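# Fold and geometry: a report
The chain contents come next:
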Amino acid sequence: MIATLLCIARDEWRYWRRSRLALSLLIIALILAIASVFVTHTSMQLEAEQRTHLQTLAQQKFADQPDRHPHRMVHYGHYVFRAPPPLSSLDPGIDPFTGTSVFLEGHRRNGATFSEQQQSSGLSWLGTLSPAFVMQLLTPLLLIVMGYGAMTREREAGTFDFLKVQGITPPYLIAGKGLALISAGLLVFSPFAIGAIWALINGAEGSATAMFLVSYVLYILIWSSLILLASTLSANNAASFSSLTCLWIVLCLVLPRIASNTATVVVASPGKLETDFAVLQELRKLGDGHNSNDPAFSALKSSLLAKYEVDKIEDLPVNFKGIVAQKSEAKLTKILNQFSEKQMQEAQDQANVARQFGWLSPAIAIQNASMKLAGTDLENYHRFLREAEAVRFSFVQSLNKLHAENVSYTDDANKYKDHETHHRAKVDAKNWQILDNFHFTPLAADQRISNSQLPLTQLLMLFLLCCGVTFFAGKRV
Amino acid sequence: MSEIVIQADNLCVAVGSKKILNNVNFIAHKGDVLALLGGNGAGKSTTIKTFLGLIPPSLGSAQILGQAVHQNTQLVRQKVAYLPESVMLYGHLNAIENIRYFLSLGKKPTSEQVIHATLEKVALQPQAWQRPLGEYSKGMRQKTAIALALLREAPILFLDEPTSGLDPVAIDEFNQLVTQLSAQGVTIFMVTHDVYGACHVANRIGLLRDGEIVDMFNAPENGNIDTEAVHVAFAQGGRT
């Protein structure tokens, strides 16, 4: 049985070797796969080194600031960079579309900036030539060109009946041809697998990397089954090729667009301008944190005076301006976080709706599985934003604490009156060592695997469905 | 009486409402050469395809070595070799590669020498052996398919218009080969509209018209079927 399957598969390979088109396409796809793995790996490694370097530099620059008023340091700000995970060298995911760094400063929750998309030409919406792009979009196309005639060629040449008389049943023939097609897919996949091993050496977790590779193997199996199914059911080569090309367009290009459009319709989210206005409106209610005389802080003032049993804020053991800054930042952050969480939840809900289309399209399922397992998906991006915000809040409040405890109210209020007071309103530069080393890491491997259950199940179901239908179609011809 | 190898028992084949074969009955014993003669559309190829398990009978049965073909298709196919009218081998492979491939599929791997000897036996010029079949003439492809059928060492041969497209010398060589195989105990079932060729090699001839056997001729002991009688019956559309 195995010998017969191998015999059929070997003959299919012989046919491809002698058909220049198939061989040329296979070589081109292989070169493309190798090039994409090499280029993306190099660029992501460079990117990782650069971001790590910039992170250290940002921390160093912050720490190297001279003696200053703490609130000036709040506005001086700090940068955090998102270091790409090792598997991003194969699937950069949403990395090129989202920002790579966040500028952290007081009273603001900035979005990530410096995305590859913002800095590149308009054509890059088509997608970068990443290994994931080659595997997800181009490999099925190559398999279609190589395999559309697998069964119809036999039918057109009349060898189909002849093979049957030789005792070769159609399911056997399909399985043998499938073996050849899968091996062609795996050949193009091999640079990708080598890239994954390289990522493993560079720190990617074994279990996530293994699942990452398994998901792509499933994807190749699904497309091989679909191609054989179309070839089995089509009357001739032309019908098989055109139906498969249409299928590729629908599954790889149209359905992902429909999925994202449906998601935005099903989960409506307000535009940026609308959100910004709403945030501004809420923030206005809080009062001005820079102004300790703002009526919004009169209750705070009264409670502090009562607590320390003094009559004037000048007599407080803490700087009232610093306390106001602390309280104001906490309230402001709460509101900013509410809006930000709402926004992230909406994006997450939209992504969840779009992911359901993975039951229909293996391309959507593999995109989701791949990004989740590589740690380059939306959830990881949101994690980065949350972690960045935690860093921001922590360092701003640390500075506000310094403001409240290390600068007297009188000096603070009169800091622009004379040079001496101005100098006293500053704190020592050694206080700038408040920043922890920020290093963003994606979710742990088991968490990523658990999060990718849906797309992996979708891939498995599609694989079983395609195999089952192809087998039954084979039995009926 | 030797064993019955091929038997059509009230065989009927219909495609939709159209009857292609209607109550066809015949028998071929071991070593027989049974030829089915008929014009275009008489149902000759359908008869062969039914015996090969490619078309199911609507009524009756097609049996090989006592086994109903449609119930034991794979088992029966192991016993038969088939030579189609238009030879269906792979154009991108040469004669030897085609033979080796199909023999491997049929789990009958054969040595290079045996393949060469068989190709010589069917008179395919050695200089053509390494050329892709796509460059062959119909006769050369026919010879390759015959060589393959011989190498399968099947006890039953189904031949669909085996001499169509062959030159007179090749036809003569082919007829000799059929006689030789028959003498070795191979049962041969052929459909043709070549009356003279059929009379020359067959010991039983059935005349098929509109899906029915209208006449059956048997060769006398150590003699050939009367060509004239068959020709007249064929020309008159059967029933002499």
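Residues numbered from 1 in each chain as written. Chains lettered and ligands numbered in written order. Predicted model: local features only at pLDDT ≥ 70, side-chain atom pairs only at ≥ 80, totals over all residues. Heavy atoms only, no water.

## Digging into the confidence of the model for chain B
All names here are of chain B. What counts, and what does not: For every residue, the pLDDT score states the predictor's confidence, bounded by 0 at the bottom and 100 at the top. Under the DSSP-based scheme used, a helix requires at least four consecutive residues in state H or I and a strand at least two consecutive residues in state E, with every element numbered from the N terminus.
Looking at chain B, the pLDDT average stands at 88 and 98% of residues meet or exceed 70. When pLDDT is averaged over each element of chain B, strand E4 (residues 59–64) comes out on top at 94 and helix H8 (residues 227–236) at the bottom at 81. Interface confidence for the predicted complex, expressed as ipTM, amounts to 0.83; the pTM equals 0.85.

## Regarding the packing of aromatic side chains
Quick note on the threshold: Aromatic rings from Phe, Tyr and Trp, with only the six-membered ring used for Trp, were paired whenever their centres fell within 6.5 Å, and each pair was classed as stacked if the ring planes differed by under 30 degrees, edge-to-face if by over 60, and tilted otherwise. For the exposure calls, accessible area comes from a 1.4 Å probe over protein chains only, and a residue counts as buried if that area is under 20% of its type's maximum, exposed if over 50%, partly exposed in between. In this scheme, Lys NZ or Arg CZ marks a charge over a ring once it lies within 6 Å of the ring centre and within 35 degrees of the ring normal.
Per the counting criterion, the structure on display carries 22 aromatic pairs over all chains. Between A:Trp13 and A:Trp16, the ring centres sit 5.1 Å apart and the planes meet at 80 degrees, which makes this aromatic pair edge-to-face. Of this pair, A:Trp13 and A:Trp16 both sit in helix H1 (residues 2–18), three residues apart, which is roughly one turn of the helix. Exposure remark for A:Trp16: the relative accessible area of 2% places this residue in the buried category. Aromatic pair B:Tyr101 and B:Phe102: ring centres 5.5 Å apart, planes at 65 degrees, arrangement edge-to-face. For the pair B:Tyr101 and B:Phe102, one class covers both residues: buried. Clustering of aromatic rings is evident, with ring pairs tying together A:Phe162, B:Tyr82, B:Tyr90, B:Tyr101 and B:Phe102. A cation over an aromatic ring shows up here: A:Arg82 above the ring of A:Phe384, its NZ or CZ 5.5 Å from the ring centre.

## Here we look at the interface of chain A and chain B
Accessible area lost upon the coming together of the parts serves often as the stated size of an interface. Stated formally: We call two residues contacting when some pair of their heavy atoms lies within 4.5 Å. For any pair of parts, buried area is found by adding up, for both, the accessible area (1.4 Å probe) each one loses once the two are put together. In the analysis that follows, any N or O atom pair within 3.5 Å is treated as a polar contact, provided that within protein one partner can donate a hydrogen and the other can accept it, and provided that, for residues neighboring in sequence, both atoms belong to side chains. Residues are grouped as follows: Ala, Val, Leu, Ile, Met, Phe, Trp, Tyr, Cys and Pro are nonpolar; Asp, Glu, Lys and Arg are charged; every other residue, Gly included, is polar.
With 21 residues of chain A in contact, the opposing surface of chain B contributes 21 residues. Summing both partners gives a buried area of about 2100 Å² for chain A against chain B, and 62% of it is carried by carbon and sulfur. Considering only the surface of chain A that becomes buried against chain B, A:Phe162, A:Val165 and A:Gln166 emerge as the three largest contributors, covering 33% of it. Our count for the contact surface shared by chain A and chain B stands at five residue pairs in polar contact (both at pLDDT 80 or more). Taken together, the elements giving at least two residues each to the side of chain A that touches chain B come down to H1, helix H6 (152–157) and helix H7 (159–165) of chain A. The element that contributes the greatest number of residues to the side of chain A that touches chain B is H1(A), accounting for seven residues. Of the residues in the side of chain A that touches chain B, the class split is nine nonpolar, six polar and six charged.

## Observations concerning the pairing of strand E10 (residues 212–218) of chain B
One face of the sheet, then the other: side chains in a regular strand alternate in exactly this way. All names here are of chain B. Worth spelling out the cut-off: Pairing between strands is defined by DSSP: at least two bridges between them are needed.
Relative to E10, strand E9 (residues 204–209) runs antiparallel, the two sharing six bridges. Looking at E10, one finds that Leu208 is bridged to Ile213. Linking E9 back to E10 in an antiparallel pair, the connection comprises two residues, with Asp210 at a positive phi of about 50 degrees.

## Things to note about the domain arrangement of chain B
All names here are of chain B. Definition in use: Domains are outlined according to an automatic or database domain assignment. A pair is scored as a salt bridge if a Lys or Arg side-chain nitrogen falls within 4 Å of a carboxyl oxygen belonging to Asp or Glu.
The domain boundaries assigned to chain B delineate domain 1 (1–79 + 157–240) and domain 2 (86–154). Taking the mean C-alpha position of each, domain 1 and domain 2 sit 24 Å from one another. In this complex, domain 1 contributes 17 residues to the contact, which on the side of domain 2 involves 12 residues. Summed over both partners, the interface of domain 1 with domain 2 buries about 1000 Å², with 61% contributed by carbon and sulfur atoms. Of all residues in domain 1, Leu157, Leu166 and Leu177 bury the most surface against domain 2, accounting for 34% of the area lost on that side. Across the domain 1-domain 2 interface, the total number found is zero salt bridges. At six residues, the largest contribution of residues to the side of domain 1 that touches domain 2 is made by helix H6 (residues 168–183). Each residue belonging to the side of domain 1 that touches domain 2 can be placed in one class, and the counts come to eight nonpolar, five polar and four charged.

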